[in-house]
Amino acid sequence: MYIIILGAGQVGGTVAENLASEANDITIVDSDVGRLRELADRLDIRTIEGSASNPSVLESAGARDADMLIAVTNSDEVNMIACQVAHTLFNVPTKIARIREHDYLYGDHALFGSKAMPVDVLISPEELVTLHIKKLIQHPGALQVLDFADGKAQLVAVKAYYGGPLVGREIAYLRTHMPNIDTRVAAIFRQDRAILPQGDTIIEVDDEVFFIAAKPDIRSVMSELRRLDKPYKRIIIAGGGNIGSRLALSLEADFQVKLIERSLPRCHVLSRQLNRTIVLHGSASDRELLVEENIDDTDVFCALTNDDEANIMASMLAKRLGARTVITLINNPAYVDLVQGGVIDIAVSPQQSTIGALLTHIRRGDIVAVHSLRRGAAEALEAIAHGDKGSSKVVGRTIEDIDLPPGTTIGAIIRNDKVLIAHDDIEIQNDDHVILFLVDKRRILEVERLFQVGLTFF
C-alpha cells in the first residue's frame, strides 16, 4: 500500500516504523526538518517538509496515487482540513484522522461522514485511554485487558505471584485443575523476553502471563495466577482534563470517585459536568491534601495530567502514602518501561493505544482488531476467515495443519457468538473470528496473507 502519514511526532513516527517494516510505501509530511531527517536516517521512507493541509504539499507527497492518508498532526483542525483536501482534490480512498477535542465528536460523530467532513476513520486518543483505564479498574490485578469479537472473548495480562495455584507448575496443569473452564495461555514475558508457551512450560514468579478466555471465565483464570484482588470501590483521579473528566463520568455511577484539579475555573466546570464525583481544588502532589482525602484507604490512584513528571511524582507519593494500586499516564514512551512494575503499578501510554487503533484499519486481509502487547513488544490480532479449503489457507483446516509463521499462535475462535479456545483438532470454518498472537512482529505480513482469499502464498 502507498500510505501518506501527516505528522512526524511520536504517533506518526511509530506508525511509520511499523508500516515501513512491512513492505509498505510510506511518505511522511511534517514542518520539522530535524525530525524528518531523523526518521529518514532510520527508516526506509520518503519525507516531505511542509504544512500537512496544504494542497501543493499533499500533491508533492503523492496524494493522487495514495491508497490511504493518516492525519496525526498535533492539530485537530489541520487533520480535518487535510482529509477534506485529500478527498476533494485527490480522491484518496481511505482517510484516517486523530481527533482529540471532545466537542468535535459531539452528536455521535455527526460532523464526520460522506455528507460532512470526509473522514473515514476517527481515532480519539482520549476515548481509547479512558476505556483502557476503565477496564483495568473493572479487573483488579490486570495489567492489560483487551476485547475481541465485541467483548465475547478477552485477553488479560497478569503478573504471576508467589502462592498462585499455577505458579511453579506446567501450563497443562491448568486444564486438569479447572476442567470446567477452557482457557489458553497465549504468551509469557519473562524478564522482558517473550516465551511462546507449550504445555510443559512452567510459569514462574513475576512472569507476565497473557491468557484468553470467554469473558465470564476471566476472573476464575486470574485466580490461578495470583491472589484475586478485592473489587475496587474508592478511586482518586489526579487531573481534570479530557481524560480525567471522561474517566470520572464513566466511573461515578459504580465507584466512589474523587477528582483533584489545580485550576479553580476548571473545577467549577467539572462540578457542573459531573454528578456524583467529588471535585477537589488543589495539587495531587500535596501530601496534606492526599492524607485528608484518605489516600491510605484508596483502591486506585490515577495520575492523568498532561505532565509526565507531575504524574510520576504524584503517583510515587500516593503509593508511599498507602494507595493500593497506582495507574499513571505517561506520554513519553521512553518512560513507560522505566516506571512500570516498581512503585507505579501500571503505566498507560496514549501513543500505544492510538497506534493499535490505527493498525486495525491498515492491516491487510480481513483484520478487524489489532492490539499491542507489552507496549509494542508483540501483537494480538483478530482476523475473519473467508472462503473454503480451495481458496483459503485456513478454512477447512485444523489448527495443527495451518502453516503458521514462527512465533505465532492461535488463541481462540469465535463462531456464532460461541468462544472456542484453540486446540489442535479444531477446524476453522468460513466466517470464524480467529484470535492470533505474534511475538515476532516481522511475521505480520505472512499472517495477513493467510487470511487473504484466493492467493498463492510462499
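No experiment lies behind these values; they were computed from the predicted model shown.

Conventions and cut-offs
- Residues numbered from 1 in each chain as written.
- Predicted model: local features only at pLDDT ≥ 70, side-chain atom pairs only at ≥ 80, totals over all residues.
- Heavy atoms only, no water.
- Helix = DSSP H or I, 4+ residues; strand = E, 2+ residues; numbered from the N terminus.
- Buried < 20%, exposed > 50% of the residue type's maximum accessible area, 1.4 Å probe, protein only.
- Contact = heavy atoms within 4.5 Å.
- Areas by Shrake-Rupley, 256 points an atom, 1.4 Å probe, with all protein chains shown as cover.
- Lys, Arg positive; Asp, Glu negative; His and termini not counted.
- Charge placed at Lys NZ, Arg CZ, Asp CG, Glu CD.
- 1 Å grid on protein atoms, 1.4 Å probe; cavity = no way out; pocket = protein on both sides within 12 Å on 5 of 7 lines; lining within 4 Å.
- Points joined across faces, edges and corners; volume = space filled by probe spheres on them.
- Nonpolar A, V, L, I, M, F, W, Y, C, P; charged D, E, K, R; others polar.
- Core = buried A, V, L, I, M, F, W, Y, C linked by side-chain atoms within 4.5 Å.

### Here's the deal with the overall build of the protein
Then step 1. Broken down by element type, the protein carries 15 helices and 22 strands.
Then step 2. Counting only residues that meet the buried cut, the protein has 54% of its 458 residues in that class.
Then step 3. Taking as baseline every contact in the protein between residues at least 6 positions apart, the subset at least 24 positions apart corresponds to 61%.
Then step 4. Just so you have it, the protein exposes about 20400 Å², and 46% of that area is on carbon and sulfur atoms.
Then step 5. Charge separation in the protein, taken as the distance between the mean sites of 48 positive and 64 negative side-chain charges, equals 3 Å.

### Brief notes about the layout of surface pockets
Then step 1. Here the largest pocket defines a volume of roughly 960 Å³.
Then step 2. What lines the largest pocket is a set of 48 residues, among which Lys135, Leu146, Asp147, Val370 and His371 lie closest to the centre.
Then step 3. Only β6 (121-123), α6 (125-138), β7 (142-148), β11 (208-214), β17 (346-348), α14 (350-360), β18 (367-373) and β20 (408-415) provide two or more residues apiece to the lining of the largest pocket.
Then step 4. It is β7 that provides the largest number of residues to the lining of the largest pocket, a total of 6 residues.
Then step 5. Classifying every residue of the lining of the largest pocket gives 20 nonpolar, 16 polar and 12 charged.
Then step 6. Together, 46 residues line the second largest pocket, and Arg100, Glu126, Asn306, Asn331 and Gln351 are the ones closest to its centre.
Then step 7. Mapped by element, the contributors of at least two residues to the lining of the second largest pocket are α1 (10-20), β2 (25-30), α6, α9 (242-251), β13 (256-261), α12 (308-320) and α14.

### Looking at the nonpolar core
Most often, soluble globular proteins keep nonpolar side chains buried together rather than apart.
Then step 1. With 66 residues, the main nonpolar core has Ile137, Leu155, Ile235 and Cys302 as its most contacted residues.
Then step 2. Among the elements that make up this core, the one with the highest residue count is β11 (6 residues).
Then step 3. Counting residues in hydrophobic clusters, the runner-up holds 46 residues, among them Ile28, Ile45, Val121 and Val434.

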